[in-house]
Amino acid sequence: MVWASTAVIAIDSVLAGFPASHAARIAVPIITAAGLALWLAGTASRITDIRIVTLCFTAAGLCGAVLDRIQIAGPGYILGFMALAGMGLRLPRRIALISGGIVVVSLAVAEAYASQQGLQAFLNLGIGGCFLFLSSAFAGANRLAREAAEAQLAEEAAAREAREEAARLAERGRMARELHDVLAHTLSGLAVHLEGARLLAEKTSADPRLVAQLTDAHGLARDGLAGARRVVETLRGDPLPGPAHIPELAGKAGATFVVTGVPQPLPGEAGLALYRTVQEALTNTAKHAGPLAYADVVLAWTPVEVAVTVTDSGGVPDPDTALPSGGFGLTGLAERAALAGGHLEVGPSGAGWRVNLTLPLGSR
């Protein structure tokens, strides 16, 4: 609309013809161009300083009044009306009334000089200009009210989302406390009793296999306690274990660890899938391949994906000391991999077993 109005003024000024006076012929295109440039500047959304906007609209309206005086058949009064409409839409009420009054009076005086019925022309243009100004001001007030209502709705939506997030955090905190009080305390007690049983078995010269089994059970209890604490930390919003924790996991299991490529950031769930895959594969190695088996862990990064591979050498477990794994089965790993957009491959590799998880980096 702004550019269409500008084009109409320019075309109408040309069609109206030029005045007979040589000075007026030079002045008309200059004043027209200046008035249109000021009008465009006043309506530009990038200009937000009220003083500049007021100056542009007031000067554009005065240009329209001068054009109406020297080019009687021209569109000067239309340019003035456009400036009044812009004032009503963009300026504060008090400033708009003052600057709009100046433009209306200037247009009315110019129209009165060009008409044989000077007073009637003055009143007609003044009333028309005031009506246009008030209509524009009303439209501007409606726009401001709509923007204020939309802003209030956005604030209410943000407040509602914040309340819901606070309720979720409170529930997660409650679950974390319950888990800590029940599971963590139970595992702590279990670890203490197992250590006491191991010491008692050593003092009473019990079967070495019993001592070894109690030692392994104590280690599992401590690992379970550490896992329970990590779950509690997760529920409380702490960072999830991810690729950065895999070297420590491999070191505790006595496995070799190799990284290839350039590590890249991963979302929490994807990083947790990598960690859990290595954890379950190493647990299965200890359970099914026996204490003499060893495992290799390879974490490979490429620009498009990340893959972790755990391969064990195979072996024969000792039925007297075999212990169950932590219960994080391969089915759960496959489901976690699918949720992260990757795939899990499990199968024999020579005399041992191989577990491979591949995740796309684009999923983040």
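Calculation notes
Residues numbered from 1 in each chain as written. Predicted model: local features only at pLDDT ≥ 70, side-chain atom pairs only at ≥ 80, totals over all residues. Heavy atoms only, no water. Helix = DSSP H or I, 4+ residues; strand = E, 2+ residues; numbered from the N terminus. Contact = heavy atoms within 4.5 Å. Areas by Shrake-Rupley, 256 points an atom, 1.4 Å probe, with all protein chains shown as cover. Core = buried A, V, L, I, M, F, W, Y, C linked by side-chain atoms within 4.5 Å. Buried < 20%, exposed > 50% of the residue type's maximum accessible area, 1.4 Å probe, protein only. Pairing = 2+ DSSP bridges. UniProt positions renumbered as here; feature names shortened; annotations may be inferred. Patch = residues over 30% accessible without salt bridge, like charges linked within 9 Å, V, L, I, M, F, W, Y side chains within 5 Å. Salt bridge = Lys/Arg side-chain N within 4 Å of Asp/Glu carboxyl O.

What follows covers the overall build of the protein chain. Of regular secondary structure, the protein chain possesses 10 helices and five strands. The contacts in the protein chain between residues at least 6 apart in sequence include a share of 67% that link residues at least 24 apart. Total accessible area computed for the protein chain in this model is approximately 20,600 Å², and 64% of it derives from carbon and sulfur atoms.

What follows is about the side chain of R198. Relative to the assigned elements, R198 resides in helix α6 (residues 118-203). In this structure R198 touches V211, L214 and T215, once residues within four positions along its chain are discounted.

Turning our eyes to something else, we now look at the nonpolar core. Among the nonpolar cores identified, the biggest contains 24 residues, and L274, V278, L282, V297 and L359 are the most heavily contacted of them. It is helix α9 (residues 268-289) that provides the largest number of residues to this core, a total of seven residues. When residues no more than four places from it in sequence are discounted, the contact partners of V278 are I246, L249, V297, V308 and V310. One finds A65, L67, L84 and L107 within the second-largest nonpolar core, a separate group that totals 21 residues.

A separate point is the pairing of strand β2 (residues 295-301). Residues A295, V297, L299 and W301 line the buried face of β2, whereas the alternating positions D296, V298 and A300 sit on a face that is not buried. Across five bridges, the pairing between strand β1 (residues 256-260) and β2 is parallel. The residue of β2 that forms the bridge with V259 is L299. Taken together, the seven bridges between β2 and strand β3 (residues 305-312) define a ladder with antiparallel strand orientation. For W301, the partnering residue across the bridge sits in β3 and is V306.

Right, let's get into the environment of I30. Counting through the fold element by element, I30 comes out in helix α2 (residues 22-43). A relative accessible area of 53% places I30 in the exposed class. Along the sequence, I30 and C63 sit 33 residues apart, while their C-alpha atoms lie 9.9 Å from each other.

This part covers the UniProt feature "transmembrane region" (unreviewed entry) in the protein chain. Within this numbering scheme, the UniProt entry marks residues 26-43, 96-115 and 121-141 as carrying the feature "transmembrane region" (unreviewed entry). Across residues 26-43, helical content stands at 100% and strand content at 0%; the span's end C-alpha atoms are separated by 27 Å.

Looking now at a nonpolar patch on the surface. Together, L62, I98 and I102 make up a nonpolar patch on the protein surface, roughly 260 Å² of accessible area in all. Checked against the element boundaries, I102 lands in helix α5 (residues 93-114). Owing to a relative accessible area of 42%, I102 belongs among the partly exposed residues under this scheme.

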